[in-house]
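Listed here are the chains, written in short residue letters.
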Amino acid sequence: MQITRIAPSPTGALHLGNARTFLVNWLLARQGGWKIILRIEDLDGPRIKANADRQAIEDLRWLGIDWDEGPIYQSSRTPHYAAAVESLLATGQAYACVCSRKEVEAAASAPHAEDGSAVYPGTCRGRYTSPAQAVDLTGRPAAIRFAVPERIVEFEDAFAGRQSFDVANQLGDFVIAKSDGTAAYQLAVVVDDVASGVTQVVRGDDLLDSTPRQILLYNALGLADRIPRYHHLPLVVGPDGRRLAKRHGDTRLSHYRELGIPPERVLGLLGRWCGIETPAAGIRAVDLLDSFRIERMPREKIVFSSEHEL
Ligand code: GLU
């Protein structure tokens, strides 16, 4: 059986951009007979907003997007992440790092990852025998980084096509557990996708460069046969080309709901952004199932502008 997951981060309300990605995920799953798991990615402590999980669930239901299992909260799965980190430390594929963010930025000379974050220069790699020793010697809290091997990671993305990354040089050793012990996104996603038997990942292409990191983690954990099929979709952006956000106006689903705009109208717009000619009066999610064709999805970013006001 094919299994996918819809994985909102409760760091804010769902807007038209997230909604389109989740809709495509749902359409692919329901067309293909895949099981859908709802997963709430609530590990990013300071950025998590109270009740945003409940709001996301209501928003999805309002759109007519349903799921077969969950919600599974990442915050309830801490021991599983800790076990994966331990095993990577034990096999020498991860190490303790006591560098502060400032130090990483200062130490990283020219190469910067595409998202503007500094490529970690490997300062702490090989320095300490264990996280406990790193803390004892420096008096600082230690994060855990994955030691990225020198190799090119290639994969065939079902939507974005062939991808190739030199992770060591383009992205560097990345954090898998923060210094407060919380698992980092890259690790948690892999551990959860394996535990849920996920075979199909559909998400925004802002996460394209997370995929080679996640593939390296599957390999390092001896789970190469569990690597899912990836579909990375172009994002919705504002007229300035930047990812849809508050500055482009209020595109939260809750906002349309408060204005009394029916979900069919929102789905009409989302459907057009998926290459479907939808009626002016709007459409229900289930009624998009007949006409949705992934091959007809626009390949370029969707630019949200005032003509899309609902
Ligand atoms: N929680 C992420 C998001 O809302 C999705 C992560 C993933 O699909 O791997 O963008």
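Reading the values: rules and limits
- Residues numbered from 1 in each chain as written.
- Predicted model: local features only at pLDDT ≥ 70, side-chain atom pairs only at ≥ 80, totals over all residues.
- Heavy atoms only, no water.
- Helix = DSSP H or I, 4+ residues; strand = E, 2+ residues; numbered from the N terminus.
- Buried < 20%, exposed > 50% of the residue type's maximum accessible area, 1.4 Å probe, protein only.
- Lys, Arg positive; Asp, Glu negative; His and termini not counted.
- Salt bridge = Lys/Arg side-chain N within 4 Å of Asp/Glu carboxyl O.
- Polar contact = N/O pair within 3.5 Å; in protein donor to acceptor, adjacent residues only side chain to side chain.
- Contact = heavy atoms within 4.5 Å.
- Axes fitted to C-alpha atoms, helices over the stretch in contact; angles between N-to-C directions.
- Parallel < 35°, antiparallel > 145°, perpendicular 65-115°, else oblique.

Student: Describe the side chain of D53, with residues and values.
Tutor: In this fold, D53 is placed in helix α2 (residues 52-63). For the buried D53, no salt bridge is present, and the opposite-charge side chain at shortest range is R54, 6.1 Å distant. Looking at D53, its side chain comes within polar contact range of the side chain of Y73, at 2.6 Å. Setting aside residues no more than four positions away along its own chain, D53 makes contact with P10, I40 and Y73.

Student: Give a description of the packing of helix α1 (residues 16-32) against helix α10 (residues 263-272) that names residues and reports values.
Tutor: Contact geometry of α1 with α10 gives a least axis separation of 10 Å together with a crossing angle of 75 degrees. Between α1 and α10, the angle falls in the class roughly perpendicular. Counted together, L16, A19, R20 and L23 of α1 and V266, L267, L269 and L270 of α10 form the full contact between these two elements.

Student: Break down the environment of P121 for me, with residues and values.
Tutor: Turning to its location among the elements, P121 is positioned in the loop between α4 (101-107) and α5 (131-138). C-alpha of P121 to C-alpha of N169: the two residues are 48 residues apart in sequence and 9.2 Å apart in space.

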